[in-house]
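# Summary of the model geometry
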Amino acid sequence: MNKGEEILAKAISAALREVAPGLESVLEAHLRATLNKGLEVAYENPKEFKNAVSKLFGEYSARLLEMVIINKLKGRLGKEGEINSLEELVEQIRKIYGE
């Protein structure tokens, strides 16, 4: 796992614990069952990750989780108010870490 994947996976775990403890294991199991990958899929393919989350939790809850993840990281990235999607967040992480 590269640095960007690690940072994003940790942010997702923290966001899931914040939203509802126990959801991390549910989402991990769903991703492994449907995509044969874990949280790293959020970095590899943010759109696919969001679709999987939406199928599991519903569209509204998926967007809420996306915003919590963004808020967890955007301060660390120095990008206040400029990141509105997981795709934009991953793009910024890749730029910072040259991945």
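In what follows, the accompanying structure is described. Bear in mind that the values here come from a model prediction, so they are computed numbers and not experimental data.

Below, the discussion takes up the pattern of salt bridges. For the structure on display, the rule yields 9 salt bridges. With a closest N to O distance of 2.8 Å, glutamate 87 and lysine 50 form a salt bridge. Taken together, the positions of glutamate 87 in helix H6 (residues 86-97) and lysine 50 in helix H4 (residues 46-57) put the pair 37 residues apart, joining distant regions of the chain. Here glutamate 66 makes a salt bridge to arginine 63, at a shortest N to O gap of 2.8 Å. Taken together, the residues span about one helical turn, with glutamate 66 and arginine 63 both in helix H5 (residues 59-77) at a distance of 3 residues. Owing to a relative accessible area of 6%, glutamate 66 belongs among the buried residues under this scheme. Among the charged side chains, a salt-bridge network with shared partners connects Lys50, Arg63, Glu66 and Glu87.

Tallied over the entire structure, the rule returns 0 aromatic pairs. Stacked on the ring of tyrosine 43, the Lys or Arg arginine 94 has its end atom at 4.6 Å from the ring centre.

The end-to-end C-alpha separation of H6 is 16 Å, in line with the 16 Å expected for 12 residues at 1.5 Å each. Among the residues of H6, Leu86, Leu89, Val90, Gln92 and Ile93 are the ones counted as buried. The buried residues of H6 all sit within an arc of 160° when viewed along its axis, so they share a single face. Summarising the contacts, the buried residues of H6 are in contact with helix H1 (3-19), helix H3 (41-44), H4 and H5. Within two residues after H6, glycine 98 carries a phi angle of roughly 60°, on the positive side.

Closest axis-to-axis distance for the H1/H5 pair is 9 Å, and the angle between their directions is 120°. With respect to each other, H1 and H5 are oriented oblique. Every pair of crossing elements has a handedness; the one defined by H1 and H5 is right-handed. Counted together, Ile7, Leu8, Ala11, Ile12, Ala14, Ala15, Leu16, Glu18 and Val19 of H1 and Leu65, Val68, Ile69, Lys72 and Leu73 of H5 form the full contact between these two elements. The residue inventory of the contact of H1 with H5, partitioned by class, reads 12 nonpolar, no polar and 2 charged.

Ranked by size, the top nonpolar core spans 28 residues in total, and within it Leu8, Ile12, Phe49, Ile69, Leu86 and Leu89 carry the most contacts. Elements that contribute at least two residues to this core include exactly H1, helix H2 (23-35), H3, H4, H5 and H6.

Reading the values: the criteria
- Residues numbered from 1 in each chain as written.
- Predicted model: local features only at pLDDT ≥ 70, side-chain atom pairs only at ≥ 80, totals over all residues.
- Heavy atoms only, no water.
- Salt bridge = Lys/Arg side-chain N within 4 Å of Asp/Glu carboxyl O.
- Helix = DSSP H or I, 4+ residues; strand = E, 2+ residues; numbered from the N terminus.
- Buried < 20%, exposed > 50% of the residue type's maximum accessible area, 1.4 Å probe, protein only.
- Phe/Tyr/Trp six-rings, centres within 6.5 Å; stacked < 30°, edge-to-face > 60°.
- Lys NZ or Arg CZ within 6 Å of the ring centre and 35° of its normal.
- Expected span 1.5 Å × (residues − 1).
- Arc of directions from axis to C-beta.
- Contact = heavy atoms within 4.5 Å.
- Axes fitted to C-alpha atoms, helices over the stretch in contact; angles between N-to-C directions.
- Parallel < 35°, antiparallel > 145°, perpendicular 65-115°, else oblique.
- Left-handed = near helix turned anticlockwise from the far one by under 90°.
- Nonpolar A, V, L, I, M, F, W, Y, C, P; charged D, E, K, R; others polar.
- Core = buried A, V, L, I, M, F, W, Y, C linked by side-chain atoms within 4.5 Å.

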